[in-house]
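Observations on the three-dimensional arrangement
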Amino acid sequence: MTIKILDGKSLALATEESIAQQVTELNNDGIFPTLATILVGQDPASETYVKMKRNTCARVGMKSIAVEMSDKTTTEELLSKIKELNDDKNVHGILLQHPVPSQIDERQCFDAIDLSKDVDGVTCLGFGNMSMGLPAFGSCTPAGIMRLLEHYQIEIQGKNAVVVGRSPILGKPMAMMLLNKNATVTICHSRTQNIEDIIKQADILVGAVGIPRFIKHEWIKESAVVVDAGYHPEKCGDIDLENIELKASAYTPVPGGVGPMTINTLILQTLQSAQRSKI
Ligand code: NAP
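Values in this document were obtained by computation on a predicted structure and should not be read as measured data.

1. A few points about the overall build of the chain
In terms of helices and strands, the chain carries 9 helices and 9 strands. Relative to the globule expectation of 19 Å for 279 residues, the C-alpha radius of gyration of the chain, 19 Å, shows essentially globular dimensions. Split into buried and exposed, the 279 residues of the chain put 50% on the buried side. Of the roughly 13,700 Å² of accessible surface on the chain, 52% is carried by carbon and sulfur atoms.

2. Regarding the sheet that holds strand β1 (residues 4-5)
Read across the open sheet, the 6 strands follow the order β1-β9-β8-β7-β5-β6; overall the sheet is parallel. Two strands bound the open sheet, and with one partner strand each, they are β1 and β6 (184-188). Looking at chain direction, β1 and strand β9 (residues 250-251) are connected through 2 bridges and run parallel. When the bridges of β9 are listed, lysine 4 appears paired with alanine 250. The sheet contacts of helix α7 (residues 171-180) involve β5 (160-164), β6 and β7 (204-207), and relative to β5 the element is tilted by about 170 degrees.

3. A closer look at the side chain of serine 131
Mapped onto the elements, serine 131 comes out in helix α5 (residues 124-131). Beyond its immediate sequence surroundings of up to four residues, serine 131 is in contact with Met176 and Asn180.

4. Overview of the sheet that holds strand β2 (residues 34-40)
Reading across from one edge, β3-β2-β4 is the order of the 3 strands in this open sheet, with parallel pairing throughout. Pairing within the sheet leaves two strands with one partner each, and these edge strands are β3 (63-69) and β4 (93-96). Ignoring which end each strand starts from, the neighbouring axes of this sheet average 15 degrees apart. As paired elements, β2 and β3 share 7 bridges and run parallel to each other. Bridge pairing links leucine 39 to glutamate 68 in β3.

5. Some points on the site of the ligand
Around the ligand lies a shell of 22 residues, among which Arg166, Ser167, His189, Ser190 and Thr262 are the nearest. In this structure, serine 167 approaches the ligand through a side-chain N or O atom, which is 2.5 Å from an oxygen atom. Taking serine 190, its side chain carries an N or O atom lying 2.5 Å from an oxygen atom of the ligand. The fraction of the free accessible surface of the ligand (920 Å²) that becomes covered by protein chains is 68%. Each residue belonging to the shell around the ligand can be placed in one class, and the counts come to 9 nonpolar, 10 polar and 3 charged.

6. Details of the domain arrangement of the chain
Each assigned domain of the chain is listed with its residue range as follows: domain 1 (29-120) and domain 2 (140-259). A C-alpha centroid distance of 29 Å is found between domain 1 and domain 2.

7. Observations concerning the pattern of salt bridges
Enumeration according to the criterion identifies 8 salt bridges in this entry. For arginine 59, the salt bridge goes to glutamate 16, with nearest N and O atoms at 2.8 Å. Linking arginine 59 in helix α2 (residues 44-59) with glutamate 16 in helix α1 (residues 8-28), this pair joins segments that are 43 residues apart in sequence. With a shortest N-O distance of 2.7 Å, lysine 83 and aspartate 87 are connected by a salt bridge. Residue lysine 83 and its partner aspartate 87 are located together in helix α3 (residues 75-87), separated by 4 residues, close to a single helical turn. When sorted by exposure, lysine 83 lands in the same class as aspartate 87, which is exposed.

8. Topic: the pairing of β7
By the alternation rule, side chains of β7 split into Ile204 and Val206 and Leu205 and Gly207, which are all buried. Bridge count between β5 and β7: 4 bridges; the pairing is parallel. Paired with alanine 161 across the bridge in β7 is isoleucine 204. Note that β7 and strand β8 (residues 225-228) share 4 bridges and pair parallel. Bridge pairing in β8 places isoleucine 204 opposite valine 225.

9. Side note on the nonpolar core
Nonpolar side chains in soluble globular proteins tend to end up buried together. Ranked by internal contacts, the top residues of the largest apolar core, which has 29 residues, are Leu6, Ile145, Leu149, Leu178 and Val225. Of the residues forming this core, the biggest block, 5 residues, is contributed by helix α6 (residues 140-151). Residues in contact with valine 225, not counting those within four places in the same chain, are Leu6, Leu149, Ile154, Asp203, Ile204, Leu205, Ser249 and Ala250.

The rules behind each value
- Residues numbered from 1 in each chain as written.
- Predicted model: local features only at pLDDT ≥ 70, side-chain atom pairs only at ≥ 80, totals over all residues.
- Heavy atoms only, no water.
- Helix = DSSP H or I, 4+ residues; strand = E, 2+ residues; numbered from the N terminus.
- Rg over C-alpha atoms; globule rule 2.2 N^0.38 Å.
- Buried < 20%, exposed > 50% of the residue type's maximum accessible area, 1.4 Å probe, protein only.
- Areas by Shrake-Rupley, 256 points an atom, 1.4 Å probe, with all protein chains shown as cover.
- Pairing = 2+ DSSP bridges.
- Contact = heavy atoms within 4.5 Å.
- Axes fitted to C-alpha atoms, helices over the stretch in contact; angles between N-to-C directions.
- Near = heavy atom within 4 Å.
- Polar contact = N/O pair within 3.5 Å; in protein donor to acceptor, adjacent residues only side chain to side chain.
- Nonpolar A, V, L, I, M, F, W, Y, C, P; charged D, E, K, R; others polar.
- Domains from an automatic or database assignment.
- Salt bridge = Lys/Arg side-chain N within 4 Å of Asp/Glu carboxyl O.
- Core = buried A, V, L, I, M, F, W, Y, C linked by side-chain atoms within 4.5 Å.

In structure tokens form, the structure reads like this:
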């Protein structure tokens, strides 16, 4: 059996070329796709993530506006900044970098982002719409995973999909996206019993736990499609991928699988928002 490597790095790179071309076309029509990034405080990891997102915008010729706010910012001040960006016709996407300082009501601020500009897929309304099959941008990591599965023609309908993790940005939307594609979905979390037995039933397995190599090689079903969303400093994910070629029919490498698809999806969704603004 030949194993499929779900190569997110190559797909993201190829998509960047096509995005850059479409950005140029929009520019010719006088539209300049623009992502506004909001960074509150000086968390070094968050600073790096925002920088990576802005660098990707620059690579595809897309504009980005960096909003930087102090770590003393209040919920009201952040809401007012979001409103200003919502009202700005030249802004097509708004990214509020998580986490914000603890005095801020993060959920309220996420939900203040206009649905049409929620290119990071963080609003409750966007999640609800996506779940109901209505228009909305998906949360970028699971939406990127779905793009990867589609690109490699992975069959989803009727398969047993197991998502390990239920965070609002990853596990939950992932489960809904797989359900919308007619998988039979089980979501596992920290209180799940017999997790090993559930994972052993997975035709499609998504690791989104945040614990290095949490999912063991022995738990993976023969010929499963293995998607590892985790990334840890020891350069491994949430699934033990050693000798994975002996078990799985397809898998996402770490690094180079899911990771590159996340920012790529953010940029793609910003482009789509700008394209819609033309109509
Ligand atoms: P998170 O918010 O910490 O959520 C982790 C989830 O795992 C929670 O639902 C938690 O369950 C569950 N969990 C924790 N311990 C468990 C256990 N022992 N057994 C079963 N479930 C357990 O993490 P996240 O933001 O979703 O991220 C998950 C992973 O994806 C991390 O490795 C992160 O680095 C990675 N990630 C990657 C990208 C990317 O761009 N590639 C983006 C986002 C995240 P409870 O709900 O019960 O607590």
